[in-house]
Amino acid sequence: MKKLAFLIRSLDIGGAERQLVTLVKGMDKARFEIAVFYFYGGGALEQELQDSQVQTICLQKRDRWDIFGFFSRLLHHLQQFQPDILHGYLSTSNLIALFLKPFLPKTRIFWGVRASNLDLSQYDWFTRLNFQLECLLSQFADRIIINSQTGKEYHLQHGFPSQKITVIPNGIDTNSFYPDPDARARIRLEWGIEYQIILVGLVGRLDPIKDHFTFLHAAKLLSDRKNNVCFVCVGSGEESYQHKLQEFAKELGIIKKIIWTGMRNDMPAVYNALDVVTSCSLSEGFSNAIAEAMSCGVSCVVTDVGDSAWIVDNTGVVVPIEQPEKLCQGWLSCWDKISTKERFGEENAARKRILDNFSVEKLVAQTEKILL
């Protein structure tokens, strides 16, 4: 049996965190003994992972500058576990895994990379430094798993070694994310949305990379053309940034048409409440939000970044970044489909694409093949 240790910052709700939990739960426990090490406790996904009978070890990191005590605790636990593979998830964890290699000479170091075309000017010095170090040290990792073709191309341009990279797309839990008319009715009742209203949503953290400003501008354009439409922004972020977005919505005169839900723990139900899911991101790798929405049978309008166009294929609409008029036209092109398609039928094309191409079973099988 192979011993596999994953290292991640936290088990809060997020795309990478959700993918790690999904992967670990699906892996063959007869072939892998798995332990998940995480810096900070209290994440919403922590209990789910513990309930799956996977060993979890919280390292009780107090803050960013709790360095020596954190490393000592991590090294102690890893030397007790003696993993055959230490698999980092995201930049900081990747670098820490590599720095531990001299203390774990028999352990192979795997990196999990999930970014694509990052505009580093939008991030702090620590994030920029991490990326530079990753590029510099990537040749010393034993294997690098990237979740998007675009991400692979981007990192190759920045010096990552091609012979060590494997692309494994995300896997979607289609048993959790499925068309559910009862959930749709329940969430729309909670939000006060009548059945005839078309609901357009953006699911993603409140972050400049998600380009909520273009979403709001396009919402104004659509509201000028259609009366029976409302908009939802699902996700949380810096309070100051949310305030800027809400002020912009007020300036546009659409503040009463927008629902700000914050972070939700019932995302399958939320997707079902929506008629169109939008990703107007400036950069993406593999968007979980798009794939999860499609698994629930929802039409998607996405910007042409990362692997988004490949994910939706001919089931959705692809538009350029930072062009509100094009985004509005994309929504309008979905209008007839919204009112006529069999949203909750077995032949829903969006859901079928996820079932055929991005299942958890494929994610697990491709990952286990690399790890064995």
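Our subject is the structure that appears above.
The structure contained in this document is the topic of the report that follows. Computed from a predicted model, the values in this text were never measured in an experiment.

### Some details on the sheet that holds strand E1 (residues 2-10)
Logical step 1: Pairing in this open sheet of seven strands is parallel, and the strands run E3-E2-E1-E4-E5-E6-E7 from one edge to the other. Whereas interior strands pair on both sides, the edge strands pair on one side only; in this sheet they are strand E3 (55-58) and strand E7 (165-167). Taking each pair of neighbouring strands and ignoring which way they run, the sheet shows an average axis angle of 20 degrees.
Logical step 2: Here helix H1 (residues 15-26) sits on the sheet in contact with E1, strand E2 (32-40) and strand E4 (85-89), set at roughly 160 degrees to E1.
Logical step 3: Across the sheet, helix H4 (residues 91-99) touches E1, E2, E4 and strand E5 (108-113), and the angle it forms with E5 is around 170 degrees.

### Some thoughts on the sheet that holds strand E11 (residues 276-279)
The pairing of strands in a sheet happens through backbone hydrogen bonds and is either parallel or antiparallel.
Logical step 1: Reading across from one edge, E10-E9-E8-E11-E12-E13 is the order of the six strands in this open sheet, with parallel pairing throughout. Edge positions in the sheet fall to strand E10 (258-262) and strand E13 (317-319), since each of these pairs with one other strand and no more. Shown here is a sheet whose adjacent strand axes are inclined to one another by a mean of 20 degrees, direction ignored.
Logical step 2: Of the strands in this sheet, strand E8 (198-203), strand E9 (229-234), E11, strand E12 (299-303) and E13 touch helix H13 (residues 324-333), which is tilted by about 170 degrees from E13.

### A look at empty space enclosed by the protein
Logical step 1: In total, this model carries one cavity of 30 Å³ or more according to the counting rule given.
Logical step 2: A volume near 130 Å³ is recorded for the largest cavity.
Logical step 3: Together, 15 residues line the largest cavity, and Tyr 89, Arg 114, Ile 145, Ile 168 and Leu 363 are the ones closest to its centre.
Logical step 4: Sorting the residues of the lining of the largest cavity by element identifies H1, E4, E5, strand E6 (143-146) and helix H16 (360-371) as the ones contributing at least two each.
Logical step 5: In terms of residue class, the lining of the largest cavity is built from eight nonpolar, six polar and one charged.

### Quick word on the pairing of E5
Logical step 1: Most of E5 is tucked away, with five of its six residues classed as buried.
Logical step 2: Relative to E5, E4 is paired through five bridges, and the arrangement is parallel. Residue pairing across strands places Gly 88 opposite Trp 111, the latter belonging to E5.
Logical step 3: Chirality of the crossover, the property in question, places the unit of E4, H4 and E5 among those that are right-handed.
Logical step 4: For E5 and E6, the ladder comprises four bridges, and the chain directions are parallel. Counted as the bridge partner of Phe 110 is Arg 143 from E6.

### Details of the packing of aromatic side chains
Logical step 1: Taken as a whole and judged by the stated rule, the model has 17 aromatic pairs.
Logical step 2: An aromatic cluster is built from Phe 39, Tyr 40, Phe 70 and Phe 71, whose rings are joined through pairwise contacts.
Logical step 3: Between Lys 61 and the ring centre of Phe 70, over which it is positioned, the NZ or CZ distance is 5.3 Å.

### Brief notes about the packing of helix H8 (residues 212-225) against H13
Helix-helix packing: each pair is described by the crossing angle between the helix axes and the interaxial distance.
Logical step 1: Axis separation between H8 and H13 bottoms out at 8 Å; the angle between their running directions is 55 degrees. Between H8 and H13, the angle falls in the class oblique. Note on packing geometry: the crossing formed by H8 with H13 is right-handed. Here Thr 214, Phe 215, His 217, Ala 218, Ala 219, Leu 221, Leu 222 and Arg 225 of H8 lie close against H13, whose contacting residues are Pro 324, Glu 325, Leu 327, Cys 328, Trp 331 and Leu 332.
Logical step 2: Residue composition of the contact of H8 with H13, by class: ten nonpolar, two polar and two charged.

About the criteria used
- Residues numbered from 1 in each chain as written.
- Predicted model: local features only at pLDDT ≥ 70, side-chain atom pairs only at ≥ 80, totals over all residues.
- Heavy atoms only, no water.
- Pairing = 2+ DSSP bridges.
- Helix = DSSP H or I, 4+ residues; strand = E, 2+ residues; numbered from the N terminus.
- Axes fitted to C-alpha atoms, helices over the stretch in contact; angles between N-to-C directions.
- Contact = heavy atoms within 4.5 Å.
- 1 Å grid on protein atoms, 1.4 Å probe; cavity = no way out; pocket = protein on both sides within 12 Å on 5 of 7 lines; lining within 4 Å.
- Points joined across faces, edges and corners; volume = space filled by probe spheres on them.
- Nonpolar A, V, L, I, M, F, W, Y, C, P; charged D, E, K, R; others polar.
- Buried < 20%, exposed > 50% of the residue type's maximum accessible area, 1.4 Å probe, protein only.
- Right-handed = clockwise from strand over helix to strand, strands pointing away.
- Phe/Tyr/Trp six-rings, centres within 6.5 Å; stacked < 30°, edge-to-face > 60°.
- Lys NZ or Arg CZ within 6 Å of the ring centre and 35° of its normal.
- Parallel < 35°, antiparallel > 145°, perpendicular 65-115°, else oblique.
- Left-handed = near helix turned anticlockwise from the far one by under 90°.

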